[in-house]
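Coordinate inspection notes
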Amino acid sequence: MDDRDLIERYYSAMRRGADAEEEIMALFADDAVYIEPFTDATPAVGVKEIRDRLRRGWEQPLPELQLDVLSIEVSGSSATTKWVCRSPALPGPVEGVDRYRIESGKITRLEVRIQS
């Protein structure tokens, strides 16, 4: 699996949410860092903290979530994706950028940012 495939698997699993928990967690390195603006601005470090963070987000999932990846750019061990998220619970489409660090076929750092 190359880095682009890894990222595509991540988004595929995220679309399924809690039902794909084990699949998502298998994509992260044991000591990975996950930074996201949805539940807590503090970085989650390690798979236990990442799992806990994702579970908090899944407690109140967005209804009829649609997550579309607009672009994936891979350069060495780094990657950047642009995406748009839609749900009736949101005031409109939300666009974001994810920045990845990938080593040995695992995500070692993922930073999620909302575009304003």
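Conventions we followed
- Residues numbered from 1 in each chain as written.
- Predicted model: local features only at pLDDT ≥ 70, side-chain atom pairs only at ≥ 80, totals over all residues.
- Heavy atoms only, no water.
- Pairing = 2+ DSSP bridges.
- Helix = DSSP H or I, 4+ residues; strand = E, 2+ residues; numbered from the N terminus.
- Contact = heavy atoms within 4.5 Å.
- Axes fitted to C-alpha atoms, helices over the stretch in contact; angles between N-to-C directions.
- Core = buried A, V, L, I, M, F, W, Y, C linked by side-chain atoms within 4.5 Å.
- Buried < 20%, exposed > 50% of the residue type's maximum accessible area, 1.4 Å probe, protein only.
- Polar contact = N/O pair within 3.5 Å; in protein donor to acceptor, adjacent residues only side chain to side chain.
- Salt bridge = Lys/Arg side-chain N within 4 Å of Asp/Glu carboxyl O.
- 1 Å grid on protein atoms, 1.4 Å probe; cavity = no way out; pocket = protein on both sides within 12 Å on 5 of 7 lines; lining within 4 Å.
- Points joined across faces, edges and corners; volume = space filled by probe spheres on them.
- Nonpolar A, V, L, I, M, F, W, Y, C, P; charged D, E, K, R; others polar.

A word on the sheet that holds strand β3 (residues 66–75). Pairing in this open sheet of 6 strands is mixed, and the strands run β2-β1-β6-β5-β4-β3 from one edge to the other. Looking at strand neighbours, the two that pair on one side only are β2 (44–45) and β3, the edges of this open sheet. Judged from the 9 bridges that link them, β3 and strand β4 (residues 78–86) form a sheet pairing that is antiparallel. From the neighbouring strand, isoleucine 72 faces β4, where its bridge partner is threonine 81. Sheet strands touched by helix α1 (residues 3–16): β1 (28–35), β3, β4, β5 (94–103) and β6 (106–114). Its angle to β3, the strand with the most contacts, is close to 165 degrees. Along the sheet, helix α3 (residues 47–58) makes contact with β1 and β2, crossing β1 at roughly 45 degrees.

Turning our eyes to something else, we now look at the nonpolar core. Ranked by internal contacts, the top residues of the largest apolar core, which has 28 residues, are Tyr10, Phe28, Tyr34 and Tyr100. Listed by contribution, the elements that provide at least two residues to this core are α1, α2 (21–25), β1, α3, β3, β4, β5 and β6. At 6 residues, α1 tops the list of elements feeding residues into this core. Setting aside residues up to four positions removed in sequence, tyrosine 34 forms contacts with Tyr10, Phe28, Pro43, Ala44, Ile50, Arg53, Leu54, Leu110 and Val112.

Positionally, aspartate 68 belongs in strand β3. Classification of aspartate 68 by relative accessible area gives partly exposed; the value is 26%. Each C-alpha atom, one on aspartate 68 and one on serine 12, is 9.9 Å from the other, the two residues being 56 residues apart in sequence. Reaching out from aspartate 68, the side chain makes a polar contact with the side chain of glutamine 66 at a distance of 2.8 Å.

With that out of the way, let us pick up the pattern of salt bridges. In the structure shown here, the tally under the stated rule is 13 salt bridges. Measuring nitrogen to oxygen at the nearest pair gives 2.8 Å for the salt bridge that ties arginine 51 to glutamate 22. Taken together, the residues span a long stretch of sequence, with arginine 51 in helix α3 and glutamate 22 in helix α2 at a distance of 29 residues. Salt-bridge contacts for glutamate 36 lead to arginine 53; the nearest nitrogen and oxygen are separated by 3.2 Å. One end of the pair, glutamate 36, is in the loop between β1 and β2; the other, arginine 53, is in helix α3, and 17 residues separate them in sequence. It is possible to trace a salt-bridge network through shared partners that takes in Glu21, Glu22, Arg51 and Arg55.

This part covers the layout of surface pockets. The computed volume of the largest pocket comes to approximately 700 Å³. Around the largest pocket, the lining comprises 28 residues; the ones closest to its centre are Met14, Phe38, Trp58, Leu62 and Leu65. When residues of the lining of the largest pocket are traced back to their parent elements, those giving at least two are α1, α3, β4, β5 and β6. Among the elements that take part in the lining of the largest pocket, α1 stands out by supplying 5 residues, more than any other. Of the residues assigned to the lining of the largest pocket, the class counts are 18 nonpolar, 4 polar and 6 charged.

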